[in-house]
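Below are the chains, spelled out letter by letter.
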Amino acid sequence: MSTPTQYAHLADLSGLVGQRLGSSDWIMVDQARIDRFAEATGDLQWIHCNELQASVGPYGCTIAHGFLTLSLISTMFDSAFVVDDVTMGLNYGLNRVRFPAPVLAGSRVRGHFTLQAFDPLEGGAQLAVLVEVECEGQDKPVCVADTLGRRYTASDR
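Here we summarise the structure given alongside this text. (Residues numbered from 1 in each chain as written. Predicted model: local features only at pLDDT ≥ 70, side-chain atom pairs only at ≥ 80, totals over all residues. Heavy atoms only, no water.)

Below, the discussion takes up the overall build of the protein chain. Along its length, the protein chain carries 5 helices and 8 strands. Listed by position from the N terminus, the elements making up the protein chain come as β-β-β-α-α-α-α-α-β-β-β-β-β. The C-alpha extent of the protein chain, read off along each of the three principal axes, is 55 × 30 × 30 Å. Relative to its full complement of 157 residues, the protein chain shows a buried share of 40%. Sequence separation of 24 or more characterises 71% of the internal contacts of the protein chain that already satisfy a separation of 6 or more. Positive and negative side-chain charges of the protein chain, numbering 11 and 18 respectively, have mean locations separated by a distance of 4 Å. (Helix = DSSP H or I, 4+ residues; strand = E, 2+ residues; numbered from the N terminus. Buried < 20%, exposed > 50% of the residue type's maximum accessible area, 1.4 Å probe, protein only. Contact = heavy atoms within 4.5 Å. Lys, Arg positive; Asp, Glu negative; His and termini not counted. Charge placed at Lys NZ, Arg CZ, Asp CG, Glu CD.)

Taken together, the side chains of Asp30, Asp35, Glu39 and Glu51 make up a negatively charged region of the molecular surface. Summarising the element assignment, aspartate 30 is placed in the loop between strand S3 (27–29) and helix H1 (31–41). (Patch = residues over 30% accessible without salt bridge, like charges linked within 9 Å, V, L, I, M, F, W, Y side chains within 5 Å. Areas by Shrake-Rupley, 256 points an atom, 1.4 Å probe, with all protein chains shown as cover. Salt bridge = Lys/Arg side-chain N within 4 Å of Asp/Glu carboxyl O.)

All right, on to the nonpolar core then. Judged by nonpolar contacts, the single largest core of 35 residues is most densely connected at Leu13, Ile73, Val109 and Phe113. If you tally residues by element for this core, the top one is strand S7 (residues 124–135), at 6 residues. (Core = buried A, V, L, I, M, F, W, Y, C linked by side-chain atoms within 4.5 Å.)

We now examine H1. Within H1, burial applies to Gln31, Ile34, Phe37 and Ala38. Summarising the axial view, the buried residues of H1 lie within an arc of 125°, below the 170-degree limit, and thus occupy one face. Facing away from the buried side of H1 by over 90 degrees, the exposed positions are Arg36, Glu39 and Ala40. In this structure, the buried residues of H1 make contact with S3, helix H2 (46–49), helix H3 (51–55) and helix H4 (66–71). Of the residues trailing H1, glycine 42 is marked for its positive phi of about 80°. (Arc of directions from axis to C-beta.)

A word on the environment of proline 4. In this structure, proline 4 sits in the segment before strand S1 (5–7). Overall, the relative accessible area of 25% leaves proline 4 in the partly exposed class. Separated by 128 residues in the primary sequence, proline 4 and glutamate 132 place their C-alpha atoms 17 Å from one another. Apart from the residues within four sequence positions on either side, proline 4 is in contact with Asp78, Ser79, Ala80, Phe81 and Val82.

As a further point, take the pattern of salt bridges. The full count for this structure, using the stated rule, is 2 salt bridges. Arginine 108 is paired through a salt bridge with glutamate 136; the nearest N and O atoms lie 2.8 Å apart. On the criterion of sequence distance, the pair formed by arginine 108 in strand S6 (residues 107–121) and glutamate 136 in the loop between S7 and strand S8 (143–152) is long-range, its members being 28 residues apart. Residue glutamate 136 is classed as partly exposed on the basis of its relative accessible area of 41%. When the shortest N-O distance is used, the salt bridge between glutamate 134 and arginine 110 registers 2.5 Å. One end of the pair, glutamate 134, is in strand S7; the other, arginine 110, is in strand S6, with 24 residues separating them in the sequence. The partly exposed category is assigned to arginine 110, whose relative accessible area is 24%.

Here's what the structure looks like:
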């Protein structure tokens with residue numbers, strides 16, 4: 001595991017709009033993870049869960065759900081960068097999400113985080129962060145998401 005990029009204060013990010021904040025560790029997306037996600041969401045489509053049928057499908061194996069890839073962004077945030085004075089963070093939403101390429105079962109993915117906007121809030125800030133998820137060995141990203149998150153430095157939130 002790599003060490004996340006560290007920032008002392010949330011306010012330090014205000015001058016970093018347009019810059020990469022950090023990159024996450026690699027995360028393995030194996031069939032067991034895909035199956036657990038399928039079970040949790042009820043999305044049991046053969047392209048995700050039936051290895052035999054998927055072996056003769058368009059990708060030659062099962063692929064991860066797009067929403068599984070998207071959900072891993074939360075974990076990726078944690079290993080990409082930390083802000084020492086942030087006491088709480090909230091997922092505020094997404095502006096745009098695309099899945100340009102599939103994640104084949106057994107692949108590793110990681111995210112790259114670029115700050116797009118910093119908007120101060122009472123007790124913290126709203127961050128618009130572009131997340132580009134790459135899959136090891138692939139040229140195209142597997143997920144590109146414009147995320148909105150709120151980070152707070154006040155402990156009374």
